[in-house]
Amino acid sequence: MNNIFDIKRFCQYFLYDLRRAWNNYGLSLLLMGLIPIILYVVYQFISLVSGRGTDLMPDPMKFVALFAVLCVVILGAGVKLYGFVTEKRAGSDFVMLPASTTEKWLSLALIVCIVLPVVLFALLFVSDALMSLVFPLTYGSRMLDRDFMGGLVAGVLEEEGVSFNLPAVLFCNWCESILVFTLGAICFKRAKVAKTLLCLFGFSIVLSMLMVLIFGTSHIDTEQLETFFETPDRVFSFLNWTVNIVYTVIIGGLLWGIWYRLRTLKH
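In this text the structure is predicted, and so the values were computed from the model without any measurement.

J.: What is the right way to look at unusual backbone geometry in this model?
T.: When glycine is set aside, most residues are seen to have a negative phi, and most peptide bonds are trans. In this structure, Ala 191 is a non-glycine residue whose phi angle is positive, near 50°. Mapped onto the fold, Ala 191 is located in the loop between helix H7 (166-187) and helix H8 (192-215). Residue classification places Ala 191 among the partly exposed positions, given a relative accessible area of 47%.

J.: It is not clear to me how the packing of aromatic side chains should be interpreted in this structure. Could you clarify?
T.: Aromatic ring pairs: the centre-centre distance and the angle between the two ring planes describe each pair. Tallying each qualifying case throughout the model produces seven aromatic pairs. Residues Phe 10 and Phe 14 carry aromatic rings whose centres are separated by 5.8 Å and whose planes lie at 20° to one another, so their mutual orientation is stacked. Here the residue Phe 10 and the residue Phe 14 both occupy positions in helix H1 (residues 7-33), the gap between them amounting to four residues, near one helical turn. Owing to a relative accessible area of 7%, Phe 10 belongs among the buried residues under this scheme. With centroids separated by 4.9 Å and ring planes inclined at 25°, the aromatic side chains of Tyr 40 and Phe 135 adopt a geometry described as stacked. One end of the pair, Tyr 40, is in helix H2 (residues 35-49); the other, Phe 135, is in the loop between helix H5 (101-134) and helix H6 (146-154), and 95 residues separate them in sequence. You can call Phe 135 partly exposed: its relative accessible area is 34%. Feature note: the residues Phe 5, Phe 10 and Phe 14 constitute an aromatic cluster, connected by ring pairs. In this arrangement the basic side chain of Lys 62 is found over the ring face of Tyr 139, its NZ or CZ atom lying 4.2 Å from the centre. The side chain of Lys 104 reaches across the aromatic face of Phe 94, ending 4.7 Å from its centre.

J.: Just checking my understanding: could you explain the nonpolar core for this structure?
T.: As a rule of thumb, nonpolar side chains are buried together in soluble globular proteins. The biggest cluster of nonpolar side chains holds 44 residues, and the ones touching the most others in it are Val 73 and Leu 179. Sorting the residues of this core by element identifies H1, helix H3 (59-82), H5, H7 and helix H10 (232-263) as the ones contributing at least two each. For this core, the leading source of residues is H7, giving nine residues. Not counting chain neighbours up to four residues away, the residues in contact with Leu 179 comprise Val 112, Cys 113, Ile 251, Leu 254, Leu 255 and Ile 258.

J.: What's the story with a nonpolar patch on the surface in this structure? I'm lost.
T.: Judged by side-chain polarity, Trp 22, Leu 27, Leu 30, Leu 31, Leu 34, Ile 38, Val 42, Phe 45, Ile 46 and Val 49 come together as a nonpolar surface patch covering roughly 980 Å² of accessible area. Contributions of two or more residues to the nonpolar patch are made by H1 and H2. When residues of the nonpolar patch are assigned to their parent elements, the largest contribution, five residues, is made by H2. Structurally, Trp 22 can be placed in helix H1. What makes Trp 22 exposed here is its relative accessible area of 53%.

J.: Which parts of the structure should I look at to understand the pattern of salt bridges?
T.: Opposite charge on two side chains allows them to pair when their charged atoms are near. Counted under the stated rule, the structure contains three salt bridges. Its salt-bridge partner being Glu 103, residue Arg 9 comes within 2.8 Å of it at the nearest N-O pair. Remark: Glu 103 occurs in helix H5 and Arg 9 occurs in helix H1; sequence separation between them is 94 residues. A salt bridge links Arg 20 to Asp 17; the nearest nitrogen and oxygen atoms lie 2.7 Å apart. Here the residue Arg 20 and the residue Asp 17 both occupy positions in helix H1, the gap between them amounting to three residues, near one helical turn. For the pair Arg 20 and Asp 17, one class covers both residues: buried.

J.: I'm lost on H1 in this one. Help?
T.: Helical periodicity: at 3.6 residues per turn, an α-helix aligns residues three or four positions apart in one direction. Between the first and last C-alpha of H1 there are merely 32 Å, a value that for 27 residues lags more than 12% behind the 39 Å anticipated at 1.5 Å per step. Of all the bends in H1, the largest measures some 65° and sits at Tyr 25. Here H1 has its buried residues at Phe 10, Tyr 13, Phe 14, Asp 17, Arg 20, Ala 21, Tyr 25, Gly 26, Leu 29, Met 32 and Gly 33. N-capping of H1 is provided by Asp 6, with a side-chain oxygen placed 3.3 Å from the backbone N of Lys 8.

What counts as what
Residues numbered from 1 in each chain as written. Predicted model: local features only at pLDDT ≥ 70, side-chain atom pairs only at ≥ 80, totals over all residues. Heavy atoms only, no water. Helix = DSSP H or I, 4+ residues; strand = E, 2+ residues; numbered from the N terminus. Buried < 20%, exposed > 50% of the residue type's maximum accessible area, 1.4 Å probe, protein only. Phe/Tyr/Trp six-rings, centres within 6.5 Å; stacked < 30°, edge-to-face > 60°. Lys NZ or Arg CZ within 6 Å of the ring centre and 35° of its normal. Core = buried A, V, L, I, M, F, W, Y, C linked by side-chain atoms within 4.5 Å. Contact = heavy atoms within 4.5 Å. Patch = residues over 30% accessible without salt bridge, like charges linked within 9 Å, V, L, I, M, F, W, Y side chains within 5 Å. Areas by Shrake-Rupley, 256 points an atom, 1.4 Å probe, with all protein chains shown as cover. Salt bridge = Lys/Arg side-chain N within 4 Å of Asp/Glu carboxyl O. Expected span 1.5 Å × (residues − 1). Bend = angle between axes of the 7 residues up to and from the residue. Polar contact = N/O pair within 3.5 Å; in protein donor to acceptor, adjacent residues only side chain to side chain.

Next comes the structure, spelled out in structure tokens:
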């Protein structure tokens, strides 16, 4: 059992992995977390140069910046954190580390799925709140304000008697997205992000073809489901089960793929 998982050895390796993650991606993550401050400075500089003076920064711009930050982190974090395992020298050093494959895999999963988003959103929250407090007239209200965070924490969207756990959905979306590009980072030697995107594109084409063969269409709307299941309650129950199964299969498959890749990694 100690050859598979040892809690003391795992804790030591996890701390080492955290330090290495900070060295490899800490500065980039800090830059992403300070985007509200950087965006404000750039916007006001352009406003001053154009002769408008200081101006109130539009809220849509903040949310576009937040979306861009998430995309950049999801696309690039896996490459910066673990892309080195495909290199001959660095990959050999990784293989020779005194930890089992399961311990390395669990450390990777915890860092990309939990540590990374927690640190990122903590930085975004602090920088966003600081700018709103110091420059309330030109920065405006917080992007992550009380209503936004309260709705996120409450996590329940209710409509026509239907509810779903919003934090769980967002967390699952984060996990499946970051794990896809992390798997690509440890599989491909070059052009890791581009090749991963090509694989996703090919997978979407195959999935659409399968749906056409099975259902006769690549798109199924709620009216078709209501016709098939007869009542809205059955439709929503079906959708709920489907979403849970899809997330479980996708995230479980990605985690298994990462474990298998680490298990068979050789140089």
